[in-house]
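Take a look at the letters that make up each chain.
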Amino acid sequence: MKIPISVLDLAPIVAGSTAADSFRNTLDLARHVEQWGYNRYWLAEHHNMPGIASSATSLLIGYVAGGTSTIRVGSGGIMLPNHAPLVIAEQFGTLETMYPGRIDLGLGRAPGSDQLTARALRRGSGSDGHDFPEQLSELRAYLNPDRDPEYDVRPMGVRAVPGEGLDIPIWLLGSSGFSARLAGHLGLPFSFASHFAPEYLLPALELYRSSFQPSEALAKPYAMVGINIIVADTDEEAQRLATSSQQQFLNIIRGRTGQLPPPVDSMDALWTPQEKAIVQSKLNYSLAGSPDTIREKLPAIIRETAADEFIVAASVYDHQARLHSYRLLAEAVSSL
């Protein structure tokens, strides 16, 4: 039952702290999980969110890669419609040149924020992600212009330096079927965001696998599943730590953003029954418990999803408790 596990870090800014604190905690976590055998460490692009410090995602990837030695570091993901494909090819070409063999480029098509912020990022209302396949083709052509010359969609004479000719694994990320189908058609690895969109996980995985065509990147499908897991010494403590992420989801459905709040002993006074049901529906593929509980429940998710890898988010207020959670998870998975 052993399965590779990785880390999805949103670089949370917890209540009462700063972005500088978040960056220090991110690097400290990355160094620890590298020692504990985690496979990769991904950072996500979000904008206009007071509780998330990873907006300049490429810069933070370089910071983490420079402070670690062996773990793969990458984006989970870069929201490609926010950027010119040439810029991303150059940024990740630079990262791969600095840290060869350790950089992943995970790509999404959502804005990573609200529509007003998306308009500010994309300089208008015309880019809504509908041209993501074309942007992806352009980006791939910058990195590997000889891959398919007939469909080289780069502007004539424009090259990505550094970037051209480098082997940078490209992943497609999604929370619906669009990227699942595209990843399958192109023969690319696929990661599904079931840590916040669990209801579409199984249909998306089926769509990805059924549409998969072997490519120079992959001979067979490779699916990584995003999941929320918080581990503590007891079930009660893990469930208490998980109230921080529950509060965060509650604020999102209320249309609010803010820093990650401290845990509470009970959520009963904070949400209505309707809100509780909505939040819990977003946490179908979330686990909070002791190592024994994780060892008991995780195999069922492995069997249900047939995941090749899990990427784990843990929104924990206290940094030491977050470190402890990832350490306990590594130990639990290694003993499955």
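Predicted model only: the values in this text are computed from it and were never measured. (Residues numbered from 1 in each chain as written. Predicted model: local features only at pLDDT ≥ 70, side-chain atom pairs only at ≥ 80, totals over all residues. Heavy atoms only, no water.)

Undergrad: Please explain the overall build of the protein chain as it appears in this structure.
TA: Scanning the protein chain from N- to C-terminus turns up twelve helices and nine strands. Its C-alpha radius of gyration of 19 Å places the protein chain within 12% of the 20 Å reference for a compact globule of 336 residues. Sorting the 336 residues of the protein chain into buried and exposed places 52% on the buried side. Counting contacts in the protein chain only where the partners sit at least 6 residues apart, residues at least 24 apart contribute 72% of the total. (Helix = DSSP H or I, 4+ residues; strand = E, 2+ residues; numbered from the N terminus. Rg over C-alpha atoms; globule rule 2.2 N^0.38 Å. Buried < 20%, exposed > 50% of the residue type's maximum accessible area, 1.4 Å probe, protein only. Contact = heavy atoms within 4.5 Å.)

Undergrad: Sorry if this is basic, but what is going on with the nonpolar core here?
TA: It is characteristic of soluble globular proteins that their nonpolar side chains tend to be buried jointly. Formed by 80 residues in total, the largest nonpolar core has its most connected members in Leu107 and Phe310. The dominant element in this core, judged by the number of residues it contributes, is helix H12 (residues 319-334), at eight residues. Those residues in contact with Leu107 that sit more than four places away from it in its chain are Ile78, Leu80, Phe132, Leu136, Leu139, Ile170, Trp171, Leu172 and Leu173. Counting residues in hydrophobic clusters, the runner-up holds eight residues, among them Trp42, Ala44, Ile311 and Ala313. (Core = buried A, V, L, I, M, F, W, Y, C linked by side-chain atoms within 4.5 Å.)

Undergrad: I tried to follow helix H6 (residues 177-186) on my own but got confused; where do I start?
TA: Note that an α-helix has 3.6 residues per turn; residues three or four places apart therefore point the same way. Listed in full, the buried residues belonging to H6 are Ser179, Ala180, Leu182, Ala183 and Gly184. Check the buried side of H6 and you find it contacts helix H5 (132-143), strand E5 (170-174), strand E6 (190-192) and helix H7 (201-211). Two residues or fewer after H6 comes Gly187, characterised by a positive phi angle close to 70 degrees.

Undergrad: Honestly, the pairing of E5 in this entry has me stumped. Any pointers?
TA: If a strand is regular, its side chains alternate between the two faces of the sheet. Taken across its five residues, E5 has five buried, putting it largely inside the fold. Both faces of E5 are covered, namely the face carrying Ile170, Leu172 and Gly174 and the face carrying Trp171 and Leu173. Where strand E4 (residues 103-108) and E5 come together, three bridges link them in parallel fashion. Considered in E5, the bridge of Leu107 is made with Leu172. The pairing of E5 with E6 spans three bridges and is parallel. From the neighbouring strand, Leu172 faces E6, where its bridge partner is Phe190. Handedness of the crossover joining E5 and E6 through H6 is recorded here as right-handed. (Pairing = 2+ DSSP bridges. Right-handed = clockwise from strand over helix to strand, strands pointing away.)

Undergrad: Sorry if this is basic, but what is going on with the pairing of strand E9 (residues 309-313) here?
TA: E9 sits mainly inside the fold: five of its five residues count as buried. Burial of the side chains of E9 extends over both faces: Glu309, Ile311 and Ala313 are buried on one face and Phe310 and Val312 on the other. Of the strand pairs in this sheet, strand E7 (residues 223-231) and E9 are connected by five bridges, and their pairing is parallel. Within E9, the position partnered with Val225 by the bridge is Phe310.

Undergrad: In this structure, what is going on with the pattern of salt bridges? I would like to understand it.
TA: Where side chains of opposite charge bring their charged atoms close, a pairing between them can arise. Throughout the structure, instances matching the rule amount to 13 salt bridges. A salt bridge links Asp9 to Arg322; the nearest nitrogen and oxygen atoms lie 3.0 Å apart. In this pair, Asp9 is assigned in strand E1 (residues 5-9) and Arg322 in helix H12, connecting sequence segments 313 residues apart. For Lys282, the salt bridge identified is with Glu199, shortest N-O distance 3.4 Å. In this pair, Lys282 is assigned in the loop between helix H10 (273-281) and strand E8 (286-289) and Glu199 in the loop between E6 and H7, connecting sequence segments 83 residues apart. In this structure Glu199 comes out as partly exposed when scored by relative accessible area, which is 40%. (Salt bridge = Lys/Arg side-chain N within 4 Å of Asp/Glu carboxyl O.)

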